[in-house]
Amino acid sequence: MCSGITQHRQEVNGVNIFYEKAGSGSHTLLLLPGAIGSTRTDFSPQLQGLNREKFTVIAWDPRGYGQSRPPNRDYPPKFFDRDAKDAADLMKAIGFNKYSLLGWSDGAITALLIAARFPTVVNKMVVWGGNAYITETDLKLFEATRDISQWSERMRAPMVAMYGEEHFQHIWNIWLDAIIWYYEENDGDICTKELDNITCPTLIVHGQKDAMVPQFHPDFIHEKIKGSRLINWPDGKHNIHLRFAEKFNKLAEDFLSE
């Protein structure tokens, strides 16, 4: 990583969690990566580009992802709940009692759960690429990604570099199976009821060319979170914060600084 980004480890709930830190501003941010993602694969432009005088940026690798290994990742029922508790406990352990959340994809779901369950620690929240429930349409979209050899090289290469091809395919398979569990055993619900409990100012960003997350998902989150704001990004796909990093960072900074 570039100069000014420091690497750390912290014991959290029996796991040695890896995180990176940039900046020394008064407003602390926690960046939450997507499925099987990490600080390295998911948030390099934010660690490098967000204003370091205004913000202290923390990006973490959830247990079993990235450099928070061992252990290898597992997926108990309602695994998002465990990720949310791990993230909140990490921030408490490293001395941050109030912070804002930036969550992408699976990290958006984790952010929603943190904001709902630990409202006193959350300042503001920006989420994109996430969903509060699973439909049959979603399952078809996800299942189409099961064979990692069919992924674009741009999306596949960072994961192969992080995990190796064999473990990447394994962890992706068990993630897909864990998502299927929510649909088949939990009526598709991930965190729909929790959305009513979110009180922090919330910005929802949606790439309208997102092949993984149909428009009805951000619309639902926007409808359920009182006072939230929804910005639809016409040219955005799933990874708008990577594809349009500078513009995305400015959008987030402006909202967080209001």
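The structure this text deals with has already been given above.
The following paragraphs examine the structure supplied in this document. Quick caveat: nothing in here was measured; it's all calculated off a predicted structure.

### Focus on helix 7 (residues 165-185)
No. 1: For helix 7, built from 21 residues, the straight-helix expectation of 30 Å at 1.5 Å per residue is met to within 8% by its first-to-last C-alpha distance of 30 Å.
No. 2: When we look at burial in helix 7, the residues that qualify are His 167, Phe 168, Gln 169, Ile 171, Trp 172, Trp 175, Leu 176, Ala 178, Ile 179 and Tyr 182.
No. 3: Each element contacted by the buried residues of helix 7 is listed here: helix 3 (79-93), helix 4 (106-117), helix 5 (136-143) and helix 6 (153-163).
No. 4: Downstream of helix 7 by a residue or two, Asp 187 has a phi angle that is positive, lying close to 55°.

### So, the nonpolar core
No. 1: Judged by nonpolar contacts, the single largest core of 63 residues is most densely connected at Leu 101, Met 125 and Trp 175.
No. 2: Excluding residues within four positions of it along the chain, Trp 175 makes contact with Ala 35, Tyr 65, Tyr 75, Phe 79, Asp 106 and Phe 142.
No. 3: One finds Ala 59, Val 126, Leu 203 and Val 205 within the second-largest nonpolar core, a separate group that totals 22 residues.

### What to know about the pairing of strand 2 (residues 15-22)
No. 1: Of all eight residues that make up strand 2, six are buried, and the element is covered over most of its length.
No. 2: Across eight bridges, strand 1 (residues 5-12) lies against strand 2 in antiparallel orientation. In the sheet register, Arg 9 faces strand 2, and the bridge partner there is Phe 18.
No. 3: As consecutive antiparallel partners, strand 1 and strand 2 are separated by two residues, and within that stretch Asn 13 has a phi angle of approximately 50°, a positive value.
No. 4: In terms of strand pairing, strand 2 meets strand 4 (residues 55-61) through five bridges, oriented antiparallel. Bridge assignment links Glu 20 to a residue of strand 4, and that residue is Ala 59.

### Considering the packing of aromatic side chains
No. 1: A complete count under the given rule lists 14 aromatic pairs for this structure.
No. 2: Taken together through their ring pairs, the aromatic side chains of Tyr 75, Phe 79, Phe 80, Trp 181 and Tyr 182 make up a single cluster.
No. 3: Over the ring of Phe 244 we find Arg 243; its NZ or CZ atom is 4.8 Å from the centre of that ring.

### Focus on the pattern of salt bridges
Pairing is possible between side chains of opposite charge, provided their charged atoms come close.
No. 1: Applying the stated criterion across every chain, the model contains 17 salt bridges.
No. 2: Put simply, Glu 143 and Arg 146 hold a salt bridge, and the shortest N to O gap is 2.4 Å.
No. 3: Judged by its relative accessible area of 36%, Glu 143 is partly exposed.
No. 4: With a closest N to O distance of 3.9 Å, Asp 235 and Lys 209 form a salt bridge. With Asp 235 in the loop between strand 8 (229-233) and helix 9 (240-243) and Lys 209 in the loop between strand 7 (202-207) and helix 8 (216-224), this residue pair connects regions lying 26 residues apart in the sequence.
No. 5: By relative accessible area, which is 48% here, Lys 209 ends up partly exposed.
No. 6: Each of the salt bridges in this network shares a partner with another, and the network as a whole consists of Asp 81, Arg 117 and Glu 194.

### A look at the sheet that holds strand 5 (residues 99-104)
No. 1: With mixed pairing, the eight strands of this open sheet are ordered in space as 1-2-4-3-5-6-7-8. The outermost strands of the open sheet, each flanked by one partner alone, are strand 1 and strand 8. Taken over all neighbouring pairs, the strand axes of this sheet differ in orientation by 20° on average, direction set aside.
No. 2: Inspection of the sheet shows strand 3 (residues 27-32) paired to strand 4 by five bridges, in the parallel sense. Bridge pairing links Leu 29 to Val 57 in strand 4.

### Concerning unusual backbone geometry
No. 1: Along the chain, Arg 69 connects to Pro 70 via a cis peptide bond; the corresponding omega equals -5°.
No. 2: With respect to the secondary-structure elements, Pro 70 resides in the loop between strand 4 and helix 3.
No. 3: Positive phi, close to 55°, is recorded for Ile 36, a residue that is not glycine.
No. 4: Looking at the element boundaries, Ile 36 is found in the loop between strand 3 and helix 1 (39-42).

### Comments concerning the environment of Arg 229
No. 1: Its location among the elements puts Arg 229 in strand 8.
No. 2: For the pair Arg 229 and Asp 254, spaced 25 residues apart in the sequence, the C-alpha separation amounts to 13 Å.
No. 3: Not counting residues within four places of it along the chain, the set of residues in contact with Arg 229 comprises Thr 202, Leu 203, Ile 204, His 222, Phe 255 and Glu 258.
No. 4: In terms of polar contacts, Arg 229 uses its side chain to reach the side chain of Glu 258, at 3.1 Å.

What counts and how
- Residues numbered from 1 in each chain as written.
- Predicted model: local features only at pLDDT ≥ 70, side-chain atom pairs only at ≥ 80, totals over all residues.
- Heavy atoms only, no water.
- Helix = DSSP H or I, 4+ residues; strand = E, 2+ residues; numbered from the N terminus.
- Expected span 1.5 Å × (residues − 1).
- Buried < 20%, exposed > 50% of the residue type's maximum accessible area, 1.4 Å probe, protein only.
- Contact = heavy atoms within 4.5 Å.
- Core = buried A, V, L, I, M, F, W, Y, C linked by side-chain atoms within 4.5 Å.
- Pairing = 2+ DSSP bridges.
- Phe/Tyr/Trp six-rings, centres within 6.5 Å; stacked < 30°, edge-to-face > 60°.
- Lys NZ or Arg CZ within 6 Å of the ring centre and 35° of its normal.
- Salt bridge = Lys/Arg side-chain N within 4 Å of Asp/Glu carboxyl O.
- Axes fitted to C-alpha atoms, helices over the stretch in contact; angles between N-to-C directions.
- Polar contact = N/O pair within 3.5 Å; in protein donor to acceptor, adjacent residues only side chain to side chain.

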